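Given next are the chains, with one letter for each unit.
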Amino acid sequence: MTAALPSRRGGSSRIWAAFAVPGIGWLVAFFVVSVYAVMAVAFGDVDPFLKTPIPAWNPLEWDVTTMSNVLGEVFNGYLRPVFVRTFWFVGLALLGCILVGYPVAYFAARKAGRSKGLLLAALVLPFWISYLMRMLAWTNLLQPDGFVNQVLGWFSLPDNRNWLDGDWYTVVIGLMYGYVPFFILPLYSTLERIDGRLIEAGRDLGASSMQTFIRVTLPLSVPGLMAASVITILPMFGDYYTNTYLTSGSPRTEMVGNQIENYLRNTGQPQTGASLVLILMAMLFVLMVYYMVTTIRQQRAAER
Amino acid sequence: MFAILTHQSINPWGNHMSSSRRDFFARSVQLGVLLGAGVPLLQACGGSDDKRSKVAKSIADGLPPEKGPLRIINYADYVNLEVIADFESKYGVKVEITTIDTDTEATTKLASGAIKADVHHSMASTSIGNLIAGGLVQPLNKSYLTNFPNVISTFNDPWYDPGATYSVPYTFFGTGIGYRTDRIDPALVEAQGWDTIWNATDFKGQVSVLDDEREAFTMAMLRKGVTDINTTDQKIIDQALADVSELIDLVNVKVNIEAYKDIPEGTTSVAQTWSADLIAGAAGYLPEGVTDEVLGFWHPPAGSYVVTNDSMGVLSDAQSPVLAHLYLNFLLDNEVAEKNFSWVGYLPAIAKLDADYVIGAGYVPEHLRNCVPTNDEIAQALYLKPLGATGDAQYETAWAKFTAGG
């Protein structure tokens, strides 16, 4: 009997390991291979007539000229303002998501009581409508004779603003609106799991409700806040259609995603587009590593 | 989708005239959302080692048509579906249309084999030479194209395809300025020409230029009197870049191809645009209570007027090449072309459908007569020509600098 145990345990662990196979297969097929294909295009050549990429699948044949040129432009050339602008837009939109999303998630998780289910359903509702349709709806709301200006008019505020004429705040609002549900849901699940007894303990020990929030709830919700931020900013960095729709293609609001889209879809320079994809990925990877290191540190601290 | 719904709901011609080739802009965004930016890359990867060469032989005379289906690639809403249905019933075949968003996308997908088709419905003039050199299109057998004499004679021997060996023209249009006559005096536009765009400082945020590097930089060149619009002189391109970039601060310029609806709707007051956009705008995009009198078009005089056309061709690996020839011939029929124009809004290169005819038939308002390029203007037109990989890259890079913020 005793001798059979380890083998049984080994068998069952193999079964559990087998559950990971589809996920790993998916990751290899749609992430590793895809990224390698992007690299092969970035470091490859282009058909002189058809302008289609000729990917260099063999790393020994990789040509890094385009990448080094693009890097030069990113750090010291015309692409620098685009990257700086993208970071600003995403940063501001994230700040907006925190300001709007945190109270909503907090209320839904801890204060909503019986209407919690309804609130959650309301939070999931935007996912029923395609992101694109929601952005198109905004273009109608924001146009000069749109609903936003009408509402401003009711309050005797200036109501002749053209919100779609290429202003940064329109893009930031659009990004914020588009991604705030992604922000709220992970944060909600963290806030909901905070042990109520810890908060009660804080109050019992004489802290005001604000002090309890700052000293107990907020620190405990940091992992959720981090996860929510990562989930929102990663797609925001690659976003280009929000901008395209809300500013009708103003050069003032061009983001990295727009440059990538242009290079890949409309030019004979797919290597430049692919290089930009890799550079953006590398930057996001740094953020991702920071997130992972912080999460692991927090977990270790919690285990101690 | 959205644009089409809006369009049909206000369309005075009922279910016709849905000129939304320009919707490919919107569609490219949709596609991007659905597929992600990496997918076109992957699609582009397959089959590029397959070095094809120019296809020299056309099909033999007098072959019976295949059973189909006839596979067409085209921009969305760039052909009247009633015309397609007529063709289907005439030849007893099914027609399948695959839509593409940009000319580059069509070339990429055809070259990689991601799309298989018999007919390329809308080849850009700048691409035809490359499609021929890349062996993607086959020479046409004119014995099937009995309606070819209906074509405007200038297109019998076009610059992009001498002798119209591989292509027949589909639609044509010129580049000029579309504007609101109720906001800007037509006499002023006439006097200022291209400067109108730079001087439109009263209309900040309501000014747009075409989302096309060659078109936009050509405008800047013509404004400075440079008529060698196919130059690869970096100094001239840089000057054009500087001039177009001025528009960012001067007029808060937008970059798109939506003037066909933005001018009628009033969100744009002045735009560099295609003549056909005004025809389409007058027919389908005016809000209630606004007459087509508010639409104006200006274009440079013959000799410095850029005229562009799209063309149809048969792909070299067509499975139904005979049927494909018959389709091209069908579209060159005077009545079919008119029926197609009545819905698409882009003028076919058919001699019968000249300005007098389309105005008389009520397709184009009299005051937009100049949206129909005359034979003289076509004959003396400037053409945007392909510049080779290096030349095109010069313009593309300059364009990326402009759209990055100047």
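Since the model is a prediction, treat every value here as computed from it, not as a measurement.

### With respect to the confidence of the model for chain B
Okay, so step 1: When pLDDT is averaged along chain B, the result is 85, and 86% of the positions lie at 70 or above.
Okay, so step 2: Between residues 1-51 of chain B, whose pLDDT stays under 50, and residues either more than four places distant or in other chains, the model counts 123 contacts.

### Some details on unusual backbone geometry
Okay, so step 1: Between Gly-68 of chain B and the following residue, Pro-69 of chain B, the backbone shows a cis peptide bond with an omega angle of 0°.
Okay, so step 2: In this structure, Ser-156 of chain A takes a positive phi of about 55° despite not being glycine.
Okay, so step 3: On the secondary structure map, Ser-156 of chain A appears in the loop between helix 6 (147-154) and helix 7 (168-193).
Okay, so step 4: Backbone geometry places Ala-164 of chain B, a non-glycine residue, at a positive phi of 45°.
Okay, so step 5: With respect to the helices and strands, the residue Ala-164 of chain B is situated in the loop between strand 4 (137-138) and strand 5 (168-180).

### Brief notes about the packing of aromatic side chains
Okay, so step 1: Following the criterion strictly, the structure yields 34 aromatic pairs over all chains and no others.
Okay, so step 2: Ring pairs connect the aromatic residues Phe-127, Tyr-131, Tyr-179, Phe-182, Tyr-240 and Tyr-241 of chain A, which therefore count as one cluster.
Okay, so step 3: A cation sits over an aromatic face here: Arg-223 of chain B above Trp-198 of chain B, 3.9 Å from the ring centre.

### Some remarks on the domain arrangement of chain A
All names here are of chain A.
Okay, so step 1: When cut into domains, chain A gives domain 1 (18-63) and domain 2 (79-303).
Okay, so step 2: Using only C-alpha atoms to locate each centre, domain 1 and domain 2 end up separated by 30 Å.
Okay, so step 3: If you look at the interface, domain 1 gives 11 residues, while domain 2 gives eight residues.
Okay, so step 4: Summed over both partners, the interface of domain 1 with domain 2 buries about 740 Å², with 82% contributed by carbon and sulfur atoms.
Okay, so step 5: Counting the surface domain 1 buries against domain 2, the share from its top three residues, Val-38, Ala-42 and Val-46, is 48%.
Okay, so step 6: Linking domain 1 with domain 2 are zero salt bridges, by the criterion used here.
Okay, so step 7: At the boundary of domain 1 with domain 2, the tally comes to zero residue pairs in polar contact (both at pLDDT 80 or more).
Okay, so step 8: Here the side of domain 1 that touches domain 2 gets six residues from one element, more than from any other, and that element is helix 1 (residues 4-42).
Okay, so step 9: Taken together, the residues that form the side of domain 1 that touches domain 2 break down as nine nonpolar, one polar and one charged.

### Topic: the interface of chain A and chain B
Okay, so step 1: With 48 residues of chain A at the interface, the matching set in chain B holds 52 residues.
Okay, so step 2: Across the interface of chain A and chain B, roughly 4200 Å² is buried in total on both sides, 61% from carbon and sulfur atoms.
Okay, so step 3: Summed over the three residues of chain A that lose the most area to chain B, namely Leu-50, Pro-251 and Arg-265 of chain A, the buried surface amounts to 17% of that side.
Okay, so step 4: Between the two partners, chain A and chain B, sit four salt bridges.

### Here we look at helix 4 (residues 81-91) of chain B
Helical geometry: 3.6 residues make up each α-helical turn, so side chains three or four residues apart lie on a common side.
Residue and element names in this part refer to chain B.
Okay, so step 1: Within the span of helix 4, buried status applies to Val-83, Ile-84, Phe-87 and Glu-88. Within helix 4, the buried residues cover an arc of 140° as seen down the axis, which keeps them to one side. With respect to the buried face of helix 4, the exposed residues turned more than 90 degrees away are Ser-89 and Lys-90.
Okay, so step 2: The inward-facing, buried residues of helix 4 abut strand 1 (70-75), strand 2 (95-100), helix 13 (321-331) and helix 14 (334-344).
Okay, so step 3: Its side-chain oxygen 2.9 Å from the backbone nitrogen of Glu-82, Asn-80 forms the N-cap of helix 4.
Okay, so step 4: Looking one or two places after helix 4, you find Gly-92, whose phi comes out positive at around 60°.

Conventions we followed
Residues numbered from 1 in each chain as written. Chains lettered and ligands numbered in written order. Predicted model: local features only at pLDDT ≥ 70, side-chain atom pairs only at ≥ 80, totals over all residues. Heavy atoms only, no water. pLDDT = per-residue confidence, 0-100. Contact = heavy atoms within 4.5 Å. Helix = DSSP H or I, 4+ residues; strand = E, 2+ residues; numbered from the N terminus. Phe/Tyr/Trp six-rings, centres within 6.5 Å; stacked < 30°, edge-to-face > 60°. Lys NZ or Arg CZ within 6 Å of the ring centre and 35° of its normal. Domains from an automatic or database assignment. Buried area = accessible area lost by both parts, 1.4 Å probe. Salt bridge = Lys/Arg side-chain N within 4 Å of Asp/Glu carboxyl O. Polar contact = N/O pair within 3.5 Å; in protein donor to acceptor, adjacent residues only side chain to side chain. Nonpolar A, V, L, I, M, F, W, Y, C, P; charged D, E, K, R; others polar. Buried < 20%, exposed > 50% of the residue type's maximum accessible area, 1.4 Å probe, protein only. Arc of directions from axis to C-beta.

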